[in-house]
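# Structural features, examined
So you can see what is in the structure, the chains are spelled out below.
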Amino acid sequence: MTRRTTYIDSAGGLKQLGRSLAGDADLAVDCEAAGYHRYSDRLCLVQLSTPSETFVLDPLAVPLTASLKPFLEEPARRALMHGGSYDLRLLRRDLDIAVARLFDTQVAAGFLGEPAIGLQALLEKHLGIRVAKKFQRADWARRPLSREMISYAAGDTRYLHRLTAVLEARLRDLGRLEWAQEECRRLVDTTGKSGEEEPPPDPVTRVKGARRLGPRAVTALREAIGWRDGIARSRDRAPFRVASDAALLETVLTRPGSVEELIRVKGFPRRLAATDGRALLRALRRVRRLAAHDLQPYPVSKRGRGRPSPEEEAAFDRLNAVRNEVAAKLGLERGRVMANHLLREVVAARPSGLAQLGKVPDVRRWQVEVLGAELLEAL
């Protein structure tokens, strides 16, 4: 276990860090962002642990890229993370660091069939360590950070070397270590080294229930989300802290005509209605006056292949049964063995052999080895 925690918010501290990270030891890595409280989810902390020391780095005080890039992009060194896909994206986006190698303890726990794969649950089960949850929802963009907050942040990486050793040993005993390693390589390739950011999705797709709305209501909801986004940006607050998705959806459905009616909308913040509600009402009135051809309906999924034929549905059912049987034998979640959307991709591709099955997009090599022959037989 690491014994010392050092908070670094100065150039001098970065020099000490460089000396401590020298060598080929794996580095445990975690990031804290501000998205739960702030409009921007900018990187606010980077935690690093060697087998003997932990460092909490402040990217709001000192530039970190030059100091961390040589270590995290070194192919001989692994980054140990837990649920690392978001952290990989943060490091790439905010620090221009593309992690070279990854071992993700959450991925490992999934392949072990752990009933609870959260870091706290795994630490308590395998190491007997209980981690406090006091700062789970902390605003990491606020300064100064208390000693208690720094200590809490350090806990996300302090024990990852030990946990990795335990999970790796169990994976090796079960013959599943290569499965986890392949999944970790895929995480690095898809989230850590993407050349261009994908365009953001239409915001209405994130609102539960929006899919059932007609084109005018969807257009109105999109306007309401844009109104909320402008307020959130100006106040540097997370959008859901300005007004919930449910409140915006209810506003669109009830169509209030005045601030007084907006105040009565279920879940809509009274003060927000009084201070900024008129702008929202004007936007919604504009949508009501739009011609039908100017409306923007709910976006059509680009991934969908249309309604499957009876033959395709029957083939999916057969593959689904094979997947479920293999998952039960392995003691793993069905989606971990192969997700439903991937089963449908296999049905659409109709591979004639294991080599062709392995070329279906997103099919892993370990999946071909574990259930490929049975899937082909069921096709």
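See above for the structure.
Cut-offs used in this document
Residues numbered from 1 in each chain as written. Predicted model: local features only at pLDDT ≥ 70, side-chain atom pairs only at ≥ 80, totals over all residues. Heavy atoms only, no water. Salt bridge = Lys/Arg side-chain N within 4 Å of Asp/Glu carboxyl O. Helix = DSSP H or I, 4+ residues; strand = E, 2+ residues; numbered from the N terminus. Buried < 20%, exposed > 50% of the residue type's maximum accessible area, 1.4 Å probe, protein only. Pairing = 2+ DSSP bridges. 1 Å grid on protein atoms, 1.4 Å probe; cavity = no way out; pocket = protein on both sides within 12 Å on 5 of 7 lines; lining within 4 Å. Points joined across faces, edges and corners; volume = space filled by probe spheres on them. Nonpolar A, V, L, I, M, F, W, Y, C, P; charged D, E, K, R; others polar. Core = buried A, V, L, I, M, F, W, Y, C linked by side-chain atoms within 4.5 Å. Contact = heavy atoms within 4.5 Å. Axes fitted to C-alpha atoms, helices over the stretch in contact; angles between N-to-C directions. Polar contact = N/O pair within 3.5 Å; in protein donor to acceptor, adjacent residues only side chain to side chain.

### Observations concerning the pattern of salt bridges
One pass over the structure, following the stated rule, counts 22 salt bridges. Residue Arg-186 is joined to Asp-362 by a salt bridge in which the shortest nitrogen-to-oxygen separation is 3.4 Å. Separated by 176 residues along the polypeptide, Arg-186 in helix α8 (residues 177-192) and Asp-362 in the loop between α17 (354-358) and α18 (365-378) bring together distant segments of the chain. Arg-186 gets classed as partly exposed once you look at its relative accessible area, which sits at 24%. Given the relative accessible area of 37%, Asp-362 is considered partly exposed. Each of the salt bridges in this network shares a partner with another, and the network as a whole consists of Asp-26, Arg-78 and Glu-168.

### Topic: the pairing of strand β2 (residues 27-33)
Counting buried residues in β2 gives 7 out of 7 residues, a clear majority hidden from the surface. Of the two faces of β2, the one carrying Leu-27, Val-29, Cys-31 and Ala-33 and the one carrying Ala-28, Asp-30 and Glu-32 are both buried. Bridge count between β2 and strand β5 (residues 79-81): 2 bridges; the pairing is parallel. Looking at the pairing, Leu-27 lines up with Ala-79 of β5. Where β2 lies against strand β3 (residues 43-49), 6 bridges are found, and the strand directions are antiparallel. Each bridged residue has a counterpart across the sheet, and for Ala-33 the counterpart in β3 is Leu-43.

### Comments concerning the layout of surface pockets
Empty space among the atoms becomes visible once a probe the size of a water molecule is rolled across them. Size it by volume and the second largest pocket reaches roughly 680 Å³. As for the second largest pocket, its lining consists of 25 residues, and the residues nearest its centre are Asp-30, Cys-31, Glu-32, Gln-136 and Asp-156. Where the lining of the second largest pocket is concerned, the elements lending two or more residues are β2, α3 (85-95), α5 (119-127) and α6 (147-158). Counting residues per element, the lining of the second largest pocket draws most heavily on β2, which supplies 4 residues. Within the lining of the second largest pocket, the residues separate by chemical class into 12 nonpolar, 8 polar and 5 charged.

### Overview of the nonpolar core
The biggest cluster of nonpolar side chains holds 72 residues, and the ones touching the most others in it are Leu-17, Val-46, Leu-57, Leu-68 and Leu-91. With near-sequence residues (within four places) excluded, Leu-91 lies in contact with Val-29, Cys-31, Leu-72, Met-81, Asp-96, Ile-97 and Val-99. Residues Val-207, Ala-243, Leu-272 and Ala-273 belong to the second largest nonpolar core, which totals 29 residues.

### Points about the sheet that holds strand β1 (residues 4-8)
Taken together, 6 strands build an open sheet; the order of strands is β1-β4-β3-β2-β5-β6 and the sheet is mixed. Strands at the two margins of the open sheet, each flanked by one partner only, are β1 and β6 (102-104). Recorded for the sheet is a direction-independent mean angle of 25 degrees between the axes of neighbouring strands.

### Observations regarding the side chain of Asp-58
One can find Asp-58 in the loop between β4 (53-57) and α2 (65-72). At 2.9 Å, the side chain of Asp-58 forms a polar contact with the backbone nitrogen of Leu-60. If we skip the residues at most four places from it in the chain, Asp-58 touches Tyr-7, Ile-8, Asp-9, Cys-44, Leu-45 and Arg-143.

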